[in-house]
Amino acid sequence: VLTFDGEITKIGNGAFKDIENLASITIPDSVTSIGDSAFYGCSNLTSITIPDSVTSIGSNPFYGCSNLTSITIPDSVKSIGSEAFRNCTWLTSITIGKGVTSIGNGAFWDCSSLTSITIPDSVTSIGSSAFRGCTSLTSVTIPDSVTSIGHYAFLDCRGLTSVYCKATTPPTG
């Protein structure tokens, strides 16, 4: 269990990289940014709390946190960095905050247990390979705020049976 004391404002790049025995993190509400690779490879991490003070999540901070099962990204976060949650293979539940405007390249690549995703109306861009390899994903709703969907965003989403783009007229009947 990792608990912070004092007033820290940033968790730096690679700060806790590859600490395989780390199971739980409570990030204090003084933190405004989570750096690149901050918790990369913490494969036994099952629980993390991201406070409303966080405004940015860097590149691959939780890459390979394969035992993480759910994540809530607060409304304060503006962007989800590239490969932020890549290879989080047991991730089944994601709540993306209503302040997020961009989902980075490969953000949820190979989150193979993820079954559904709600993309909030604040999102304007979905990066390349953002949900690539999410083989259990069955449905996705893309809001009309999205103006850009990158290459291979949903590649290998073999279970995907329903994609609804709000910018289009929904089918009738």
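Further up the page is the structure itself.
Below or above, wherever it landed, is the structure these notes cover. Small disclaimer: the values here were computed from a predicted structure and weren't measured.

### Describing the sheet that holds strand S5 (residues 47–49)
- The strand order S1-S3-S5 describes an open sheet built from 3 strands, whose pairing is parallel. Each edge of the open sheet is held by one strand with a lone partner, namely strand S1 (2–3) and S5.

### Concerning the environment of Gly 99
- Secondary-structure assignment places Gly 99 in the loop between strand S9 (93–96) and strand S10 (102–103).
- Residue classification places Gly 99 among the buried residues on the basis of a relative accessible area of 14%.
- Along the chain, Gly 99 and Tyr 63 lie 36 residues apart, while their C-alpha atoms are 22 Å from each other.

### A short note on the nonpolar core
- In terms of nonpolar packing, the biggest core is built from 50 residues, with Phe 39, Ile 73, Ile 80, Phe 85, Ile 103, Phe 108 and Phe 131 touching the most fellow members.
- Among residues more than four places away in sequence, those in contact with Phe 131 are Ile 103, Phe 108, Ile 117, Ile 119, Ile 126, Ala 153, Phe 154, Leu 155 and Cys 157.

### Regarding the side chain of Ser 37
- Inspection of the secondary structure puts Ser 37 in the loop between strand S4 (33–34) and S5.
- With near-sequence residues (within four places) excluded, Ser 37 lies in contact with Gly 14, Ala 15, Lys 17, Ser 59, Asn 60 and Pro 61.

### Observations regarding the packing of aromatic side chains
- Considering all chains together, one arrives at 7 aromatic pairs under this definition.
- Between Phe 108 and Phe 131, the aromatic rings sit 5.4 Å apart at their centres with planes inclined by 10 degrees, giving stacked as the arrangement. Of this pair, Phe 108 sits in the loop between S10 and strand S11 (116–118) while Phe 131 sits in the loop between strand S12 (125–126) and strand S13 (139–142), and the two are 23 residues apart along the sequence. The same class applies to Phe 108 as to Phe 131, namely buried.
- Within the aromatic cluster, the residues linked to one another by ring pairs are Phe 16, Phe 39, Phe 62, Phe 85, Phe 108, Phe 131 and Phe 154.

What counts as what
- Residues numbered from 1 in each chain as written.
- Predicted model: local features only at pLDDT ≥ 70, side-chain atom pairs only at ≥ 80, totals over all residues.
- Heavy atoms only, no water.
- Pairing = 2+ DSSP bridges.
- Helix = DSSP H or I, 4+ residues; strand = E, 2+ residues; numbered from the N terminus.
- Buried < 20%, exposed > 50% of the residue type's maximum accessible area, 1.4 Å probe, protein only.
- Core = buried A, V, L, I, M, F, W, Y, C linked by side-chain atoms within 4.5 Å.
- Contact = heavy atoms within 4.5 Å.
- Phe/Tyr/Trp six-rings, centres within 6.5 Å; stacked < 30°, edge-to-face > 60°.

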